[in-house]
Amino acid sequence: MGTIAVVLNASSGHGEATKVAARLQEIFGAAGRETQITLAGSGGELRSAVREAVEAGCDTLVAGGGDGTINTAAAAVVGREITLGVLPLGTLNHFAKDLGIPLDLEQAAKIILEGAWCRVDVGEVNGRFFLNNSSLGVYPAIVRLRERYRASFPGKWIAAFWAALTVMRRNAFMTVKLHVEGQEMIRRTPLLLVANNEYRTTGIHAGTRESIARGRLALYVLNAERRSGLLRLALKTILEGAERVKELDLFTVEEIAVETRRRRLQVALDGEVLTLESPLHYQIRPAALRVHVPATTSACNPAAS
C-alpha cells in the first residue's frame, strides 16, 4: 500500500474544508494509510498542490471538490499508473454519480481504502482534458456571466437564472463547420456539446451515462434558428426525451474538428470556462484514467480490488 495524497478545494461544499481534512486524517489513519492532506484556496493553489503530489510519487491522488476540482486532479494523472480517488464535495458531482461513488464523505473515503479501481475514458480538446463534457455556445457564456453576477445576487442558482436571461437577449447563435468521420457539415446553432461517452436521454436516469468506458465521444448539436425556438426545444426535450427531438443531432465518434469564424472561443470543460484557439480538435482517450470505484459499479469494468 502506497502513499495517499489528498487535495481539497477549500471553497467547495459549505466551507468546512478544515473539518473535512481532520475527519479524513482520522479515517485514513485508522486504516494505517500514510496520508498527506493539502487545502487549496484557489485554482492556482489547487494546480500546484496536485502537481507537487504527483512529483512526490504518490500512488493515489485524492481530489475533494466539484467536477472542476476532479478535472484538475485527473488531468495530472491521465496516462500514469496513479489512481484517482474522488471525494464529491461540490454542487453537482456528475462524474462521481455516474461511477456510483457515494456523496457521503466517509463512504467515498471507504471506496478509496477498499482499493477497487477501473480504467475510464477521458475526452480531450486541444490538449485539455474533460471527464464529463465540453461545450461552446450559450452555456459557456452563461457560466461566465453567472460568476460575474454572483457578487450581486444572493444565490448561485439566481445568478445563473439572470445570466441565462442576459445571454438569451443577445445573439445566442453561432455558425460552426464540423468535420465528423470524413464529412463536413455547416450548422447554425446556439449550443454544441461533446460528451465523454453518450448520455441517457429519457427516464429518471436522463442526463447520466451508462458507461464511461466505451471509447466514444458523443456530439450533440442543437438546431434552432431563433430564441423562441430555444425555449420550445428545451421544453420538448424535457417532456419527450432528446432522441425524439428532431432538431437535436447526435453523432458518436472518436474524433471531431470544430471551426468557427472566431479565432478564440469560450469553451466549457466540466463546468469551467477556458478560452481556446480555433479550430477545436476533439478526441477520445480510451481507458486513460485509473479511478477508485465501488466494486459493483456498472459504468466501467473494475480492474483490481
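So, how was this worked out
Residues numbered from 1 in each chain as written. Predicted model: local features only at pLDDT ≥ 70, side-chain atom pairs only at ≥ 80, totals over all residues. Heavy atoms only, no water. Disulfide = S-S within 2.5 Å. Helix = DSSP H or I, 4+ residues; strand = E, 2+ residues; numbered from the N terminus. Buried < 20%, exposed > 50% of the residue type's maximum accessible area, 1.4 Å probe, protein only. Core = buried A, V, L, I, M, F, W, Y, C linked by side-chain atoms within 4.5 Å. Contact = heavy atoms within 4.5 Å. Expected span 1.5 Å × (residues − 1). Arc of directions from axis to C-beta. pLDDT = per-residue confidence, 0-100. Phe/Tyr/Trp six-rings, centres within 6.5 Å; stacked < 30°, edge-to-face > 60°. Pairing = 2+ DSSP bridges. Axes fitted to C-alpha atoms, helices over the stretch in contact; angles between N-to-C directions. Left-handed = near helix turned anticlockwise from the far one by under 90°. Nonpolar A, V, L, I, M, F, W, Y, C, P; charged D, E, K, R; others polar.

**Remarks on the state of the cysteines**
Defined simply, a disulfide is a covalent bond joining two cysteines at their sulfur atoms.
Right, so step 1: Per the counting criterion, the structure on display carries one disulfide.
Right, so step 2: Note that Cys118 is cross-linked by a disulfide to Cys300, the S-S spacing being 2.0 Å. Since a negative S-S torsion denotes a left-handed disulfide, the Cys118-Cys300 link at about -70° is left-handed. With Cys118 in strand 5 (residues 117–125) and Cys300 in the loop between strand 16 (280–292) and strand 17 (302–304), this pair connects stretches of sequence that are 182 residues apart. The exposure classification of Cys118 matches that of Cys300, with both residues buried.

**Looking at the nonpolar core**
Right, so step 1: The biggest cluster of nonpolar side chains holds 50 residues, and the ones touching the most others in it are Leu61, Leu87, Phe95 and Leu99.
Right, so step 2: For Leu99, the contacting residues outside a window of four places in its chain are Val120, Ile212, Val291, Val293, Pro294, Thr297, Ala299 and Cys300.

**What to know about helix 2 (residues 43–55)**
Right, so step 1: Taking 1.5 Å as the rise per residue, helix 2 with 13 residues should run 18 Å; its terminal C-alpha atoms sit 18 Å apart, in good agreement.
Right, so step 2: Looking at helix 2, one finds that the buried residues are Leu46, Ala49, Val50, Ala53 and Val54. Buried residues along helix 2 cover an arc of 130° about the axis, so they all sit on one side. Helix 2 presents Glu52 and Glu55 as exposed residues on the side facing more than 90 degrees away from its buried surface.
Right, so step 3: Buried residues along helix 2 sit against strand 1 (4–9), strand 2 (35–40), strand 3 (60–65) and helix 3 (67–77).

**Focus: unusual backbone geometry**
Right, so step 1: In this structure, Pro279 follows Ser278 across a cis peptide bond, with omega equal to 5°.
Right, so step 2: Although it is not a glycine, Glu181 sits at a positive phi angle of roughly 50°.
Right, so step 3: Locating Glu181 in the fold gives a position in the loop between strand 8 (174–180) and strand 9 (183–189).
Right, so step 4: Positive phi, close to 50°, is recorded for Asp270, a residue that is not glycine.
Right, so step 5: On the accessibility criterion, Asp270 (6% relative accessible area) is buried.

**Observations regarding the confidence of the model for the protein chain**
Right, so step 1: Summary statistics for the protein chain give a mean pLDDT of 84 and a share of 78% for residues scoring 70 or more.
Right, so step 2: Contacts of residues 153–168 to residues separated by more than four positions or lying in other chains number 29 contacts, the stretch itself having pLDDT below 50.
Right, so step 3: pLDDT under 50 marks residues 235–243. Its contacts with residues more than four places away, or in other chains, come to 13 contacts.

**Quick notes on the packing of aromatic side chains**
Right, so step 1: Under the counting rule described, the total for this entry stands at one aromatic pair.
Right, so step 2: Their ring planes at 75° and their centres at 6.0 Å tell us that Phe130 and Tyr282 sit as a pair that is edge-to-face. In this pair, Phe130 is assigned in strand 6 (residues 128–130) and Tyr282 in strand 16, connecting sequence segments 152 residues apart.
Right, so step 3: Classification of Tyr282 by relative accessible area gives buried; the value is 1%.

**Examining the sheet that holds strand 12 (residues 248–253)**
Right, so step 1: The six strands lie next to each other as 12-11-10-7-14-15, forming an open sheet whose pairing is antiparallel. The strands lining the two open edges of the sheet, one partner per strand, are strand 12 and strand 15 (272–277). Each adjacent strand pair in this sheet contributes to an overall mean axis angle of 25°, direction not counted.
Right, so step 2: Pairing geometry for strand 7 (residues 133–137) and strand 14 (residues 264–269), over two bridges, is antiparallel. Paired with Ser135 across the strands is Ala268, a residue of strand 14.

**A closer look at the packing of helix 2 against helix 3**
Right, so step 1: Where helix 2 contacts helix 3, the axes come no closer than 10 Å and their chain directions differ by 35°. Seen from above, helix 2 lies across helix 3 with right-handed handedness. Residues Leu46, Arg47, Val50 and Val54 of helix 2 form the contact with helix 3, whose own contacting residues are Thr69, Thr72, Ala73, Ala76 and Val77.
Right, so step 2: The residue inventory of the contact of helix 2 with helix 3, partitioned by class, reads six nonpolar, two polar and one charged.

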